[in-house]
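Examining the three-dimensional arrangement
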Amino acid sequence: MKRRYLAVMGLLVIMAMVLAACGGGAATEAPAAPAEPAAQEAAPTEAPAAEAAPTEAPAAEEAPAEAAAPSGDVVTLTWVGPGPGGEFEFRKQQAAEWNAANPDIQINLIEGPVSATDRIGLYLQAFQAQSTDIDIMQIDVIWPGDLADNLIDFNEYGGAEAVAGDFPAIVQNNTVDGRLVGLPWFTDGGLLYYRTDLLEKYGFAGPPATWTELEEMSQTIQDGERAEGNQDFWGYVWQGAPYEGLTCDALEWVYSSGGGTIVSPEKVITINNDAASAALDRAYSWIGKISPPGVTGFMEEDSRAVWHAGNAAFMRNWPYAYGLSQNDDSAVVGKFDATALPGAEAGQSAATLGGWQVGVSKYSKYPEAAAKVALWLASEEQQKAQALSPNSLIPTKMALYEDPDIAAQREFMPKLLPVFTSAVARPSTATAPQYNEVSNIFFSNVYDVLTGKQSGADAVANIEIDLEDLTGFEVGAP
Ligand code: GLC
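Worth saying up front: this structure is predicted, and the values here are computed from it rather than measured.

When the terminal C-alpha atoms of helix α4 (residues 116-128) are compared, their 18 Å separation across 13 residues agrees well with the 18 Å that a helix rising 1.5 Å per residue should span. For α4, the buried fraction is high: ten of the 13 residues fall into the buried class. Every buried residue of α4 is accounted for by Ala116, Thr117, Asp118, Arg119, Ile120, Gly121, Leu122, Tyr123, Ala126 and Phe127. Between the side-chain oxygen of the N-cap and the backbone nitrogen of Thr117 there are 3.1 Å, and the N-cap of α4 in question is Ser115. Where α4 terminates, the next one or two residues include Gln130, which has phi positive at roughly 50°.

So, on to the site of the ligand. All residues adjacent to the ligand are Asp140, Val141, Asp188, Tyr243, Glu244, Gly245, Glu300, Trp318, Gly354, Gly355, Trp356 and Arg426. Contact between the ligand and Asp140: an oxygen atom at 2.5 Å from a side-chain N or O atom of the residue. Note that an oxygen atom of the ligand is positioned 3.1 Å from one of the side-chain N or O atoms of Trp318. The set of elements that each furnish at least two residues to the shell around the ligand consists of α10 (244-255) and β12 (353-360). In terms of residue count, β12 provides more of the shell around the ligand than any other element does, three residues in total. Of the domains in this structure, domain 1 (2-188 + 354-424) and domain 2 (191-352) are the two that each give at least three residues to the shell around the ligand.

How each quantity is defined
Residues numbered from 1 in each chain as written. Predicted model: local features only at pLDDT ≥ 70, side-chain atom pairs only at ≥ 80, totals over all residues. Heavy atoms only, no water. Helix = DSSP H or I, 4+ residues; strand = E, 2+ residues; numbered from the N terminus. Expected span 1.5 Å × (residues − 1). Buried < 20%, exposed > 50% of the residue type's maximum accessible area, 1.4 Å probe, protein only. Polar contact = N/O pair within 3.5 Å; in protein donor to acceptor, adjacent residues only side chain to side chain. Near = heavy atom within 4 Å. Domains from an automatic or database assignment.

This is the structure:
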């Protein structure tokens, strides 16, 4: 008991240090997210399916040495979960369900940082200390290359079989030098949410296809709603705080304007071009006009709070906001839809590819038990539960796109599948294991554009110089 307590305390100390170092405190001052009512379907009552939690031990010669729990002892694993909010509530239900069905392996779920940037800071510190305090962790789609050396290879625990039905590109992304370091859990893609009722009210036939149309529609609707007395109304909300989410939004602006992907898959630094700088200047022009001045402090939940209260015509966000926007406490129930984001030209749309994997720390004392839990969390049954939960997380299991319950309750998932499958990847493979630093350089410079400290042209030139220093890659056109 005492050892466990010390381990958790150690982890909390690391978390506090990381949050302070990342300045996470400032960025996490989110307006309180609306409370989510516990949804029935989010708490399946059946015990985990046998095939989802394989019981066979891995072949002896492949199995790494593991401290076996003395018989009768309970293995307790620490899982660093999502930040506070709807998803954490769902993860708590999953942990409770697992714990009830598996008395010998208990999960201790703790709240993780909200920001992906803070989260990787936490993991890097824990890995550097070879800390045994974290067993199960959530891995962003951009991290397998950066973190691979610190994660177990699921191929030693039946992983290959478990991922046979996942989108091959996502499995590929989790495979580093032949090692399967993450189990696909859910995928993500940037979406444009829009108010169907307001488009109709102001005479627009459909959502905007170009950024110019989005600006015009935002302004018209904002002017009209304010004239009717809602002074809190804004045209467009998105993610402008200096963290990984800004890299996602800014990549969409740049790529959908023909400005490339920062660094190409061929390891060429392509960011210093006119289309990219114009895209950043354009985003700056929104602030205080169609987007609130506070948007430069917004992460996903901050944008969603404005939208959820009925105070925005458009929002850029991930699919999780779809289900939450349908909750009883949402002001936009039955009044919204989601589609592909606009582009500089119609049809040039870009969605940044996001998504999460389940990983197990190679410093875990109980990798086999942790792998068992990870396989269950990433199983088809659990992916279905999380898709139907209020968080509407997008499955990575192809079969779920044919599932009748998902088709009935989450119509938007099969409908927007083309957006998710054609999403643009951040340059994490080309720049691994330095992607996190690449992203920091990118979003810090973009943030300086959004806060009026530098022009788009200066920003792309500065990003280029810093990336050359960091990676030693060539520069070139997108
Ligand atoms: C979402 C995406 C993830 C991305 C993050 C940025 O969680 O799934 O890939 O890095 O948002 O905030």
